[in-house]
Amino acid sequence: MATLEIDCPVCAEVLELTDEDRADLAVGDVIVCDSCNAEMEVTRNEGGEDFELELLGILTVCPNCGEEFDVTDDMLAAAPTVQGADGVEVSVVTCPHCRARIELEFEDEDGSRAG
C-alpha cells in the first residue's frame, strides 16, 4: 500500500496518508495536524501524487483565558508584527474571547523562525 507524505505548512510535521485514508477524503474535507492542530482543507485528491491541501487555520490556546481559537490567514494578514523579547519577529493577534494580545511565532517551511 502506498503512503503519501505531506509536510504540515505550519510545523513541518510529516503527515502520512495511506491509499485507504485518501479514499475516505473528498474535496472540502478537513485534515488536522496531530502535532500543531493546524487545519487544512483538501483541495485536490485525484490519485498518485495529485493531492493538495490549503491551510485554513491554526488552533491555539490563549495563555490568558485558556480558551481555544483558530488563527486564520485573514487574522494573520491583519496582525501587526513586532520584535519579541528574544529579538525574533512575531505576529500579534487578539484573543476573540478575552481580547488579550498574544504574540505568535511561526517557523518557515525550511525550519527557520519567522514572524
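Presented here is a report on the structure given in the accompanying data block. Computed from a prediction, not measured in an experiment: that's the story for all the values here. (Residues numbered from 1 in each chain as written. Predicted model: local features only at pLDDT ≥ 70, side-chain atom pairs only at ≥ 80, totals over all residues. Heavy atoms only, no water.)

What follows concerns unusual backbone geometry. Of note in this structure, Arg-99 is not a glycine but carries a positive phi near 70°. Mapped onto the elements of the fold, Arg-99 is located in the loop between strand 8 (89-94) and strand 9 (101-104). (Helix = DSSP H or I, 4+ residues; strand = E, 2+ residues; numbered from the N terminus.)

In this section: the pairing of strand 8. Sheet topology note: the strand 7 (residues 81-83)/strand 8 ladder contains three bridges and is antiparallel. Looking across to strand 8, one finds that Gln-83 is bridged to Glu-89. Where strand 7 hands over to strand 8, the hairpin turn is made up of five residues, of which Gly-87 adopts a positive phi near 85°. Where strand 8 meets strand 9, four bridges bridge the pair, whose relative direction is antiparallel. When the sheet's bridge partners are listed, Thr-94 is paired in strand 9 with Arg-101. Connecting strand 8 to the next strand, strand 9, in antiparallel fashion are six residues, including Arg-99 with a positive phi near 70°. (Pairing = 2+ DSSP bridges.)

To summarise the sheet geometry, strands pair through backbone hydrogen bonds and adopt either a parallel or an antiparallel arrangement. If you walk across this open sheet you meet the four strands as 3-4-5-6, and the pairing is antiparallel. Where the open sheet ends on each side, the last strands, each with one partner, are strand 3 (30-32) and strand 6 (68-72). Strand-to-strand twist of the sheet, defined as the mean angle between neighbouring strand axes without regard to direction, takes the value 35°. (Axes fitted to C-alpha atoms, helices over the stretch in contact; angles between N-to-C directions.)

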